[in-house]
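# Summary of structural features
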Amino acid sequence: MGKIRAAITGIHAWVPEYRLTNFELSRMVDTSDEWIMQRVGIKERRILKGEGLGTSELGVNAVKGLLEKTGTSPAEVELLICATITPDMMFPATANIISDKAGIKNAFSFDLSAACSGFLFALQTGAAYIESGLCRKVVIVGADKMSSITDYTDRTTCPLFGDGAGAVLLEPTEEEVGIMDHILNVDGSGCRYLHMKAGGSARPASHETVEAREHFVYQEGQAVFKFAVSSMADVAAEIMVRNNLKPEDIAYLVPHQANLRIIDATGRRMGLPPEKVMVNIENYGNTTAATIPLCLWDYEKKLKKGDILILAAFGGGFTWGSIYLKWAYDPQ
Ligand code: UT7
């Protein structure tokens, strides 16, 4: 028997209808389309509107579509992992709520918190359950309702984020496709540059924390930018070198979509021409755990069986990493 690998055998994503444009933002804070396009590369982001709708609403739409598209019965799913930093509630896990709403009754599920690298961390965790033979059908969801923790009076952060979700099905294969290698890193000392100050056990919600606007993303942009540019490019280059991959071997870089300048720098470092770098930041902004599956979903029809993809991300924590995979199916 050959080595069992975990392969992505289906992808689906979901974004809400409402488009928050740069023009609308420029009427809320002192910013402009020109600044946002030049410094970040975002035109619009999707926002989930509706009382009581949280990240599970995004996630369940992605998961239901995935199950339908892949002809998978909810009863067959054995594990669902939801990467998110914007859970519906502190507890229970949003993964459990998604499973319930999608009719997934025979699975265990849990949330995974690794911010913008969340999808990579969850994908590798799910892959380990497949490779070990413990599970045969695993759903990985990356979902974030970033609008719920974005301060729309702060021009340094409010243009950056959007809402969205993507989900993939992981199944075992003995063919030469699927997840081939991974590098995942954390550096907890990076917490001071990118975090949410209140609402956790260290600083529970109070009148004071609400008045001080501490329930929103706090980011020291320039510091995070410096770490992101070097870490994402380094880790993507490292996974190429250790797998003896040349730029011409790679079909696509699938980068986390936080800033077009970070994406471009990573592609350049890997020696890739722009057409080999997946980019959709213009349409969705930074959807945190959802950016990578949203890219795969947008480009799915261009992907062929055996295509080599390098996934790379950097985010709060700090967390960063890269996954090398061979795409497992032709366009349908
Ligand atoms: O996904 C998780 C990881 N996060 C990231 O990877 C984000 C990393 N950081 C970044 O992408 C960038 O640092 C930002 C996009 C957040 C900011 O871009 P920047 O080029 O680093 O801008 P800056 O913070 O250095 O600000 C430059 C200027 C400042 O004005 P002064 O001091 O030069 O007069 C800001 O006040 O731009 C000003 N500015 C704005 N102007 C118009 C900041 N935000 C805005 C805005 N509109 N929205």
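Higher on the page you've got the structure.
Summary of the structure given here. Numbers given for residues are sequential positions, taken from 1 along each chain in its written order. Whole-chain, interface and lining totals are the exception, using all residues; otherwise, since this is a predicted model, local features are given only for residues with pLDDT of at least 70 and side-chain atom pairs are given and counted only at 80 or more. For the side-chain quantities, the full set of heavy atoms in the structure was used; hydrogens and water were omitted.

### Observations regarding the pairing of strand β7 (residues 163-173)
Our working definition: Summary of the burial criterion: residues with accessible area below 20% of their type's maximum are buried, those above 50% are exposed, and those between are partly exposed, where the area comes from a 1.4 Å probe applied to protein chains only. Only DSSP runs of H or I with at least four residues qualify as helices, and only runs of E with at least two residues qualify as strands; both kinds are numbered from the N terminus onward. Between any two strands, at least two bridges found by DSSP are needed for them to pair.
Taken across its 11 residues, β7 has 10 buried, putting it largely inside the fold. As defined by bridge partners, strand β1 (residues 5-14) adjoins β7 across nine bridges and the pair is classed as antiparallel. Within β7, the residue paired with alanine 13 across the bridge is glycine 166. Sheet topology places strand β6 (residues 138-145) next to β7; eight bridges connect them, and they run antiparallel.

### Section: the nonpolar core
Where we set the bar: For this analysis, a nonpolar core means a set of buried residues of the types Ala, Val, Leu, Ile, Met, Phe, Trp, Tyr and Cys, connected via side-chain atoms within 4.5 Å. Throughout, the edges of the domains are those of an automatic or database domain assignment. In what follows, a contact means two residues having at least one pair of non-hydrogen atoms within 4.5 Å.
Among the nonpolar cores identified, the biggest contains 41 residues, and Ile250, Leu253, Met270, Ile310, Phe314 and Tyr324 are the most heavily contacted of them. When residues of this core are traced back to their parent elements, those giving at least two are β8 (178-186), α7 (221-242), α8 (260-269), β12 (308-315) and β13 (319-326). For this core, the element with the most residues is α7, which contributes eight residues. Both of domain 1 (5-176) and domain 2 (180-326) provide at least three residues apiece to this core. Those residues in contact with leucine 253 that sit more than four places away from it in its chain are Ile263, Thr266, Gly267, Met270, Leu272, Lys276, Val277, Met278, Ile310 and Ala312. Core analysis: the second largest hydrophobic core is formed by 38 residues, Leu112, Ala251, Cys295 and Trp327 among them.

### A short note on the sheet that holds β13
Threshold: Axis definition: a line fitted to C-alpha atoms, over the contacting stretch in the case of helices. Angles run 0 to 180 degrees between N-to-C directions.
With respect to topology, four strands assemble into an open sheet ordered β8-β13-β12-β11, the strand pairing being mixed. A single partner strand is all that each edge strand has here, and the edge strands are β8 and β11 (252-255). Each neighbouring strand pair of the sheet contributes to a mean axis angle of 15 degrees, computed without reference to strand direction. Running at roughly 150 degrees to β12, α7 makes contact with β8, β11, β12 and β13 of the sheet. Running at roughly 140 degrees to β11, helix α10 (residues 291-299) makes contact with β11 and β12 of the sheet.

### Section: the packing of aromatic side chains
Note the following rule: In this scheme Phe, Tyr and Trp rings, the latter by its six-membered ring, pair at centre separations within 6.5 Å, and the angle between planes marks the pair as stacked below 30 degrees, edge-to-face above 60, and tilted otherwise. The rule for a charge over a ring is simple: NZ of Lys or CZ of Arg within 6 Å of the ring centre, and within 35 degrees of the ring normal.
Under the criterion given, the structure shown has nine aromatic pairs. Taking the centre distance of 4.9 Å and the plane angle of 45 degrees together, the rings of phenylalanine 314 and phenylalanine 318 count as tilted. Each member of the pair, phenylalanine 314 as well as phenylalanine 318, carries the same accessibility label: buried. Centre to centre, the rings of phenylalanine 314 and tryptophan 320 are 6.2 Å apart; their planes meet at 35 degrees, and the pair counts as tilted. Each member of the pair, phenylalanine 314 as well as tryptophan 320, carries the same accessibility label: buried. Grouping aromatic residues by their ring pairs yields a cluster made of Tyr193, Phe227, Phe314, Phe318 and Trp320. The ring centre of tyrosine 18 lies 4.3 Å from the NZ or CZ of lysine 49, which sits over that ring. Sitting over the ring of tyrosine 218, lysine 197 keeps its end group 3.9 Å from the ring centre.

### Focus on the site of the ligand
Put simply, the rule reads: One heavy atom within 4 Å of a molecule or strand makes the whole residue count as near it. Whenever two N or O atoms come within 3.5 Å, that pair is a polar contact, provided that in protein one can donate a hydrogen and the other can accept it, and provided that, for residues adjacent in sequence, both atoms are side-chain atoms. Each accessible area value is a Shrake-Rupley result obtained with a 1.4 Å probe; residue values ignore everything except the protein chains displayed when judging cover.
For the ligand, the set of nearby residues contains 24 residues, the closest of which are Thr31, Arg39, Arg155, Gln222 and Asn259. Glutamine 219 is positioned with one of its side-chain polar atoms (N or O) 3.1 Å from a nitrogen atom of the ligand. Taking glycine 221, its main chain carries an N or O atom lying 3.1 Å from an oxygen atom of the ligand. Relative to its unbound accessible surface of 960 Å², the ligand loses 74% to contact with the protein. No other element matches the five residues that α7 contributes to the shell around the ligand.

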